[in-house]
Amino acid sequence: MPCRPPRQQQQRGHAQPDGQRIVAQPSGLQPQEQGLLGILFQTKKGPRTSVKLDEFASQYTRRSKEFTQPLERELERRGLVDPARKQVRTRTTVGGLLALGLGIVLAAAGLVIGAAQGVSGDFTSFYIAAIMIGGGAALFLVGISALVVGAVLSPLTDRGDAQADQWRGFQKYLTDVTRGREMAPRLDAFDAYLPLAAGFGLLQQWGKAFSKQENAQVPAWFQGAAGSLRSATDSFGSFAAM
């Protein structure tokens, strides 16, 4: 995503104090970027030129695939995600969920049969119920194990893993900046690293850290929606949380 948002215009008056307006569609956007703009500014009734900040998260939740699917294809194109590994992970996770559900159903059925037949004295059915309960418990454990394995399996290629390690290190650096453990590399770091801070879930901390710095260079478009850096950070936080 570009370091700066689409050309935007501050809202005047009190009609939309917490909104942003798109003035022109940027050129040269990648499919995932076009998808994100479409989520925000394209509706069933047609395109719109403005959107309130408190609508961002709900809009994205309903139509997130318009952004995530092109993004996943781009990651595959760049050799960062291995489709085969991704398929193995998906199959393992789905298989785990199926085993988990079947195990619960089988064990529950065994408990019902065992309770009913135990009262009547039919020990043959009672043994069958015991086998069903044992089998259900085994399937449950297999399902849990498969889900754990699916969560551990990474769809990233070796190159993707190497880049992920670098980004995790950079995330730690930005976190340390927000906590005062590291100095910002330059005065315009707020604007330059704002999208990255938002992507790492650090938007509110990023804004609050720079609101304490007298010489920090903060773009007018960011403050314009709410009147101050701190209040704007709180407003934009709901959007970044998506």
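Since the model is a prediction, treat every value here as computed from it, not as a measurement.

Helix and strand content of the protein: 10 helices and five strands. The buried share of the protein, reckoned over its 242 residues, is 32%. Within the protein, counting contacts between residues at least 6 apart in sequence, those at least 24 apart form 62% of the total. Here the protein has roughly 14700 Å² of accessible surface; of this, 59% comes from carbon and sulfur atoms.

On to helix α6 (residues 158-178), then. An ideal rise of 1.5 Å per residue puts 30 Å on 21 residues; α6 measures up with 31 Å between its terminal C-alpha atoms. For α6, the secondary structure elements touched by its buried residues are α7 (189-199) and α8 (203-211). In the stretch just after α6, G180 is the one whose phi turns positive, near 80 degrees.

In this section: α8. Every buried residue belonging to α8 is among L203, W206, G207, A209 and F210, and all of these are buried. Looking straight down α8, one finds its buried side chains confined to an arc of 160 degrees; they lie on one side.

On to the confidence of the model for the protein. Looking at the protein as a whole, the pLDDT averages 79, with 74% of positions reaching at least 70. For the protein, per-element mean pLDDT is lowest for strand β1 (residues 8-9), which scores 42, and highest for α6, which scores 93. With pLDDT under 50 throughout, residues 1-17 is counted as low confidence; its partners more than four residues away or in other chains account for 37 contacts. Scored below 50 in pLDDT, residues 224-228 shows 12 contacts in the model against residues more than four places distant or in partner chains.

So, on to the pattern of salt bridges. In this structure the tally under the stated criterion is 10 salt bridges. Notably, a salt bridge pairs D165 with R168, separated by 2.3 Å at the nearest N-O pair. Taken together, the residues span about one helical turn, with D165 and R168 both in helix α6 at a distance of three residues. D176 serves as the salt-bridge partner of K172, at 3.1 Å between the closest nitrogen and oxygen. Here K172 and its partner D176 are both found in helix α6, four residues apart, which amounts to about one turn of the helix. Its relative accessible area of 54% is what places K172 among the exposed residues. Taking relative accessible area as the criterion, D176 reaches 9% and is therefore assigned buried.

Reading the values: the criteria
Residues numbered from 1 in each chain as written. Predicted model: local features only at pLDDT ≥ 70, side-chain atom pairs only at ≥ 80, totals over all residues. Heavy atoms only, no water. Helix = DSSP H or I, 4+ residues; strand = E, 2+ residues; numbered from the N terminus. Buried < 20%, exposed > 50% of the residue type's maximum accessible area, 1.4 Å probe, protein only. Contact = heavy atoms within 4.5 Å. Areas by Shrake-Rupley, 256 points an atom, 1.4 Å probe, with all protein chains shown as cover. Expected span 1.5 Å × (residues − 1). Arc of directions from axis to C-beta. pLDDT = per-residue confidence, 0-100. Salt bridge = Lys/Arg side-chain N within 4 Å of Asp/Glu carboxyl O.

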